[in-house]
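Fold and contact review
Next come the chains, spelled out residue by residue.
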Amino acid sequence: MEVGSLPVELWRVILAYLPLPDLGRCCQVCRAWRELIFSLDNTRWRQLCLGCPECRHPNWPSQPHLEPPSWREALKQHALATRTWTRNGQELQSSACLLFFRRRKDRRVWHVGPGCEFETLRGALGVVGPYDRVVLHPGVYEEQAEVALKVPVELVGVGRLGEVALLVCIEQQCPTARLCNLVFMPPWFSTVVYKTSWGHVQLDNCNFEGAQLQIRGPGTCQARFCSFSQGSSAHLLGVVLSLLDSCDFSGSDTASVTVEGPPASERNWACKHLAALARSFPSQSSSTPRGDEGSSNDKPDPPGGNLQKENISMEDWKRRTGGDAVCRGTVIEDPWSDGEHSDGEEENQEGTNTNKKLFTLDYKILYDHHGLSHLLKPRADGSLPLASSPNPPSVTPEPLTLQQELDRDPEAQMLASSILGCILRRCLFRDGKGGVHLSNYGQARLEENLFRSLNYAVRCIQHSTIVMLRNEVCECRASGVFLRLSAQGLIAENNIHSNGEAGLDIRKGANPIILCNKIHSGLRSGVVVLGNGKGSVRSNLIYNNKEAGVYILFSGNPVVSGNCIFQGQAAGIAINENGRGLITENVIRENQWGGVDIRRGGDPILKNNYICYGYSDGVVVGERGRGLIEGNHVYCNKGCGVWVMSSSLPQLLGNYIIHNCMYGLAVFCRKDPDNIEAREGNWPGQEGMGGDVANGERRGVVEGEAREGQENFNEEGELFAWESDLDSEDERHSARRSISVALMEGNCVSYNGAVGLYVKSSEALNVFANLMNRNCGPGVAVLQSTQLTRLVTNCIVENGRGGVTVEKDCRVELRGNGIYENSGHGVRFSGSGQIVENDVVSNCGYGIQVSASTDIKVVRNRVQPAQGCGIALLGPVKGVVHDNILFQGHPENKKPLLHTDAGNETCVLRNNSILRFNNSGASSPPWVLENPPPRPLASSPTGLSSSQYPSRLGISMTTRVGAAVESGCHSGSMFCSIL
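Residues numbered from 1 in each chain as written. Predicted model: local features only at pLDDT ≥ 70, side-chain atom pairs only at ≥ 80, totals over all residues. Heavy atoms only, no water.

Let's shift gears to the nonpolar core. If you look at the biggest cluster of nonpolar residues, it comprises 131 residues, and the most contacted ones within it are Val134, Leu136, Leu155, Val257 and Leu483. Take this core: its biggest share by element is five residues, from strand S23 (residues 450–460). Once residues within four sequence positions are removed from consideration, Leu155 is found in contact with Leu121, Leu125, Val134, Leu136, Ile170, Arg178, Leu179, Cys180 and Leu182. In this structure, Ala387, Cys612, Tyr656 and Phe887 belong to the second largest nonpolar core, which totals 28 residues. (Core = buried A, V, L, I, M, F, W, Y, C linked by side-chain atoms within 4.5 Å. Buried < 20%, exposed > 50% of the residue type's maximum accessible area, 1.4 Å probe, protein only. Helix = DSSP H or I, 4+ residues; strand = E, 2+ residues; numbered from the N terminus. Contact = heavy atoms within 4.5 Å.)

Laid out in structure tokens, this is it:
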């Protein structure tokens, strides 16, 4: 019979009447017939699959509305799975032919029920032979004592599921057994309805109501399309391998599945078959976490799906935030604002454009080969470096895919491929207390499951190992996934969202690998790491959480790398209460509060991150905050780029702090003894500022995120006294050299909307070798500095106001800086300290203006003003001015290069050189900055020993000058002050 003799449509109608065996025979006729049979997937194969009494919809129970890729393949997988129990390895060693005939020809069928051969299950089991089938007809079968299965047997219920109910306790004492289409309810004497300690049991399409399934290693279990309801659970003790596929767990009083103990050393015959079956199951998910269609995400996913080569111009940012990217009036009143200029500077501001035209190259001293000039010059391809580019970075790194992460991490690759312990696939856990609980070296693998409306989804403790791939965890009343007491494992490509507490809670030495998940829309934090918790959190999308995206505290010490943390309603990352961690190469953007918030002993390494487009400050270092902040790009934040409290001790090295709406870097402290809450960091609104920072949130984390009516997760006797396990202070800082003075070194602070560096502090501060250019306000403004602020070898160039402003009663040292082409005075100094060996050239106002100083040294500077005085001493200045070189700026400038007010007898002037240009016969002044070349120099200044400087800046320098640091209070960040 040829296929072509009839239309294909007619053949399909005819073949749709064939039973399954005949369809199989037709497939063997020829290739054309095979393709014709395969084309019946959505008709006859679908009908056969849904009509099978031993299975349910292939995507039951979590996604029954979705059709499988192939109904024929789903039916094939079901047929293979239902035969696992018959593949007893020991018997297969005998004649396979005899085994086939014995099972097929001599296998008997026994009927149990009213009017049948046997009326009780116990009676039928007393006479069955190996591999016989016992068919139970509709009814309720109850046994008053435990029933033993002593030979391999198959128990099958007749009719619809629920018509055959067993109130029995069965102990399996044979190598294999199968149970299908049955309802198990506990008898009066035990809640355990089925148990085995060495054989294999296969459960197909069964219901457990208020009952417990107990498997003890080396016993194994394979359960498919089973329901566990009304407090039912599965308890696996020391299992080597068991498979629970497409099961429904609901209404549990404890954990729905408990895996306890290490896998037994002995293995039964079914292990190799279960492992092969587990590996053969095709994944029904793409590379993104499942459940995206129905996730309760009220914020958009990042553009481009996974993430994002982001191209955002300044105009886009202005439109997005509803205003300018510069700050035209900050909430903190600044003495350098428009009404506070000196007379000379007011004149200079009015004539700035004229001066720039008059100040031609004929009278200009060249300085563009100073030690930081490579940060400003165009690259070989003609593009501008970030420090001199009027536009912020337009491209941010993309998170790696899971395969890329596995390729570079052998440990994660090994975990991803491991098949050991309890395997749960495509199961639904809902409306109960707990999902999966692992303890005491237990092992489990969870794939494509849905956890919904539980107290917690997964709890892994006591050296257990969990592998979670492509699960959805949502609407848990506490945290979604708990890991503690040295738990470990791999958590990858999951969709974790809308949980009442943290999406992931890691503590007590737990050390998981967390890759490529979507963690979002949580009512509190996304990931919490505390109590000596560790872990590697990489390439995740963490967004739209109500509190911090990642929260690290109480000596938590994770690696947080390559994540995109965005659109959070609080901080992106918060490090608090002696938290640590390596935070590197993340994109932290569009968060409502600080991109990174460090306080109360937090001491992370924050390196090479993109912290941008936030609605408050980029980085906040609050009271007693520490940390190494190196190589980050902090840009386009609506508050400050970096906000630092003066009682903190951060190290800021080699960062790009650019295009922020307010200050580039702000250091604050406000003395207010009555404000105890502010002193302790508990000011109003802190819950939003730092994510989980306020005391209420701290209690929520420390007490296991328990709420009234919820579980207090204290079964193991933890008593939440893990504070005694915390590392000592000496041990915590042994890996990194401690400093006693906050340090800002090698940063580029450019194009910010107000001052580049704003200091209002009572503590010492070291500012070394930074580039501060084209900020809208002064390059540096020191308004309060009772301890010494040292500004050494910085380049302060082309800022919108003056170069450096120092107010009265401030202690400041300016040494080895290059201060060029600022729109106001080069240096306006009213405090006490030193101005030594600086190059102050081409500024539109005075070169150096000193007023109201009680103790000042102005020594060995090279000064050339555009139109004002070179050095002006206004009022009763007390100090020494000597060995300075002053160059004429423009011949039309009538002001003296060295000016002192009449009657000033307290200032000593000596050995200063004033160089004017005589225009007779020469075309240009022969003035060059040499011996030394223009500052800042490319090598360490005298008095500072060398260590390796950030490689990007190409300068060697640093012995940190120490000073005692006393505690102090603060005014909060810009936005905190508003609150």
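Before going further, it helps to spend a moment on the packing of helix H1 (residues 8–15) against helix H3 (residues 31–38). Where H1 meets H3, the axes come as close as 10 Å, and the angle between the chain directions of the two elements is 70°. On the basis of the axis angle, H1 is roughly perpendicular to H3. Contacts between H1 and H3 involve Val8, Trp11, Arg12 and Leu15 from the former and Trp33, Leu36 and Ile37 from the latter. (Axes fitted to C-alpha atoms, helices over the stretch in contact; angles between N-to-C directions. Parallel < 35°, antiparallel > 145°, perpendicular 65-115°, else oblique.)

So, on to the pairing of strand S24 (residues 465–469). Burial analysis of S24 places five of its five residues in the buried class, the great majority of the element. Side chains Thr465, Val467 and Leu469 of S24 all project onto a buried face; the interleaved residues Ile466 and Met468 project onto the opposite face, where all are buried too. Relative to S24, strand S22 (residues 443–447) is paired through five bridges, and the arrangement is parallel. Looking at S24, one finds that Glu447 is bridged to Leu469. The pairing of S24 with strand S27 (residues 488–492) spans five bridges and is parallel. Across the sheet, Leu469 pairs through a bridge with Ala492, a residue of S27. (Pairing = 2+ DSSP bridges.)

In this section: a nonpolar patch on the surface. Together, Leu6, Leu10, Val13, Ile14 and Tyr17 make up an exposed nonpolar region whose accessible area comes to about 480 Å². Here Leu10 lies in helix H1. (Patch = residues over 30% accessible without salt bridge, like charges linked within 9 Å, V, L, I, M, F, W, Y side chains within 5 Å. Areas by Shrake-Rupley, 256 points an atom, 1.4 Å probe, with all protein chains shown as cover. Salt bridge = Lys/Arg side-chain N within 4 Å of Asp/Glu carboxyl O.)

So, about the side chain of Asn609. Here Asn609 shows up in the loop between strand S42 (605–607) and strand S43 (610–612). Of the residues examined, Asn609 reaches a relative accessible area of 0% and is grouped as buried. Reaching out from Asn609, the side chain makes a polar contact with the backbone oxygen of Ile583 at a distance of 2.9 Å. Within the local environment of Asn609, its side chain forms a polar contact with the backbone nitrogen of Glu585, the two atoms lying 3.2 Å apart. With residues near it in sequence (within four places) discarded, Asn609 still touches Ile583, Thr584, Glu585, Asn586, Gly631, Asn632 and His633. (Polar contact = N/O pair within 3.5 Å; in protein donor to acceptor, adjacent residues only side chain to side chain.)

Moving on, we get to the environment of Asp431. Looking at the secondary structure, you find Asp431 in strand S21 (residues 428–439). Counting along the chain gives 178 residues from Asp431 to Asp253, while the straight-line C-alpha distance between them is 10.0 Å. Ignoring sequence-local partners within four residues, the contact set of Asp431 consists of Ser250, Gly251, Ser252, Arg452, Ser453 and Leu454.

When charged atoms on two side chains of opposite charge get close, those side chains can pair. One pass over the structure, following the stated rule, counts 31 salt bridges. A salt bridge links Arg935 to Asp839, with the shortest nitrogen-to-oxygen separation between them at 2.8 Å. Taken together, the residues span a long stretch of sequence, with Arg935 in the loop between strand S73 (913–915) and helix H19 (974–978) and Asp839 in strand S64 (residues 839–843) at a distance of 96 residues. Side by side, Arg935 and Asp839 carry an identical accessibility label, which is buried. Taken together, the shared-partner salt bridges in this structure form one network comprising Arg107, Arg133, Glu154, Arg178 and Asp204.

Right, let's get into the confidence of the model for the protein. Across the protein, pLDDT averages 80, with 76% of residues at or above 70. Note that residues 337–362 has pLDDT below 50 and, in this model, 45 contacts with residues that lie over four places away or in other chains. (pLDDT = per-residue confidence, 0-100.)

Each aromatic ring pair is characterised by the separation of its centres together with the angle its planes make. For the coordinates displayed, the defined rule picks out 16 aromatic pairs. Ring centres of Tyr663 and Phe668 lie 6.4 Å apart, and the angle between their planes is 45°; on these two criteria the pair is classed as tilted. Grouping residues by exposure puts Tyr663 and Phe668 together as buried. Here a set of aromatic residues connected by ring pairs shows up, and it is made of Phe184, Phe208, Phe228, Phe249, Phe429 and Phe451. In this structure, Arg589 is placed above the aromatic ring of Phe566, and the distance from its NZ or CZ to the ring centre is 4.7 Å. (Phe/Tyr/Trp six-rings, centres within 6.5 Å; stacked < 30°, edge-to-face > 60°. Lys NZ or Arg CZ within 6 Å of the ring centre and 35° of its normal.)

The subject of this paragraph is H3. Buried within H3 we find Trp33, Leu36 and Ile37. Along the axis of H3, the buried residues cluster in a sector spanning 95°; they form a single face. What points out from H3, more than 90 degrees from its buried face, is the exposed set Arg31 and Glu35. (Arc of directions from axis to C-beta.)

Both faces of the sheet carry side chains from a regular strand, because those side chains alternate between them. The alternating pattern of strand S29 (residues 504–507) places Leu504 and Ile506 on one face and Asp505 and Arg507 on the opposite face, and all of these are buried. One ladder, built from three bridges, connects strand S26 (residues 481–483) with S29; its direction is parallel. Pairing of Leu483 across the sheet is with Ile506, part of S29. Across four bridges, S29 lies against strand S32 (residues 527–530) in parallel orientation. Each bridged residue has a counterpart across the sheet, and for Leu504 the counterpart in S32 is Val527.

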